[in-house]
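What the coordinates show
Given next are the chains, with one letter for each unit.
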Amino acid sequence: QVQLVESGGGLVQAGGSLRLSCAASGRTSSRYFMGWFRQAPGKEREFVLAISWSGSSTYYANSVKGRFTISRDNAKNTVYLQMNSLKPEDTAVYYCAAGYGNSGYPTTTGYAYDYWGQGTQVTVSS
């Protein structure tokens, strides 16, 4: 079993930056891919971006391309989400997730992931 612990959320002004971290523990030796999702109040959970085990493949939602960057450090079992040029519409609870690629669902879909973090609040003020 894999446990995911997120950190780095908080309040930031529009145009500012924030970095989220997600540390994994447990069965971390598996070649899992990791992604970030977000959910605003009253809204459905949406895909943000994802990264493969090797880091060679990344996937971005159109709304965050050019502003958000995903990276991972397998030695530390940690994935990062660097958020720049933040907008008020980025306000949401952000969740990290890990999957093993055997679900048959695309990486941009929540069904592809087997483990989820507790979520961390990101609030962008105008």
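Structure: see above.
Okay, the environment of M83 next. Within the fold, M83 resides in strand 8 (residues 78-83). Of the residues examined, M83 reaches a relative accessible area of 0% and is grouped as buried. Residues M83 and L20 lie 63 residues apart in sequence; the distance between their C-alpha atoms is 8.0 Å. Residues contacting M83, with those up to four places away along its chain left out, are G16, S17, L18, L20, R67, F68, Y94 and V122.

The topology assignment puts R38 in strand 4 (residues 33-39). Within the local environment of R38, its side chain forms a polar contact with the side chain of Y94, the two groups lying 2.9 Å apart. With residues near it in sequence (within four places) discarded, R38 still touches E44, R45, E46, V48, S63, V64, F68, E89, D90, A92, V93 and Y94.

Let's shift gears to the sheet that holds strand 1 (residues 2-7). Read across the open sheet, the four strands follow the order 1-3-8-7; overall the sheet is antiparallel. Whereas interior strands pair on both sides, the edge strands pair on one side only; in this sheet they are strand 1 and strand 7 (68-73). Direction aside, neighbouring strands of the sheet carry axes that sit 15° apart on average.

With that settled, consider the pattern of salt bridges. This model, assessed by the stated rule, comprises three salt bridges. Its salt-bridge partner being E46, residue R38 comes within 2.7 Å of it at the nearest N-O pair. As a salt-bridge pair, D90 and R67 come within 2.8 Å of each other at their nearest N and O atoms. Of the two residues, D90 is situated in the loop between strand 8 and strand 9 (92-99) and R67 in the loop between strand 6 (58-60) and strand 7; the sequence distance between them amounts to 23 residues. You'll find D90 and R67 in the same group, each marked buried. Here the residues in one salt-bridge network are R38, E46, R67 and D90, joined through shared partners.

With that settled, the discussion passes to the packing of aromatic side chains. Given two aromatic rings, their pairing is described by the distance between the two centres and the angle made by the two planes. Scanning the entire structure with this criterion turns up eight aromatic pairs. When the ring of F37 is compared with that of Y113, the centres are 5.2 Å apart and the planes differ by 85°; the resulting orientation is edge-to-face. With a gap of 76 residues between them, F37 in strand 4 and Y113 in the loop between strand 9 and strand 10 (115-116) connect regions that are remote in the sequence. Like F37, the residue Y113 is buried in the burial classification. Ring centres of F37 and W116 lie 5.1 Å apart, and the angle between their planes is 55°; on these two criteria the pair is classed as tilted. Of this pair, F37 sits in strand 4 while W116 sits in strand 10; the two residues are 79 residues apart in sequence, bridging distant segments of the chain. Take F37: its relative accessible area is 2%, and that puts it in the buried class. Among the residues examined, W116 registers a relative accessible area of 29% and is labelled partly exposed.

Cut-offs applied
Residues numbered from 1 in each chain as written. Predicted model: local features only at pLDDT ≥ 70, side-chain atom pairs only at ≥ 80, totals over all residues. Heavy atoms only, no water. Helix = DSSP H or I, 4+ residues; strand = E, 2+ residues; numbered from the N terminus. Buried < 20%, exposed > 50% of the residue type's maximum accessible area, 1.4 Å probe, protein only. Contact = heavy atoms within 4.5 Å. Polar contact = N/O pair within 3.5 Å; in protein donor to acceptor, adjacent residues only side chain to side chain. Pairing = 2+ DSSP bridges. Axes fitted to C-alpha atoms, helices over the stretch in contact; angles between N-to-C directions. Salt bridge = Lys/Arg side-chain N within 4 Å of Asp/Glu carboxyl O. Phe/Tyr/Trp six-rings, centres within 6.5 Å; stacked < 30°, edge-to-face > 60°.

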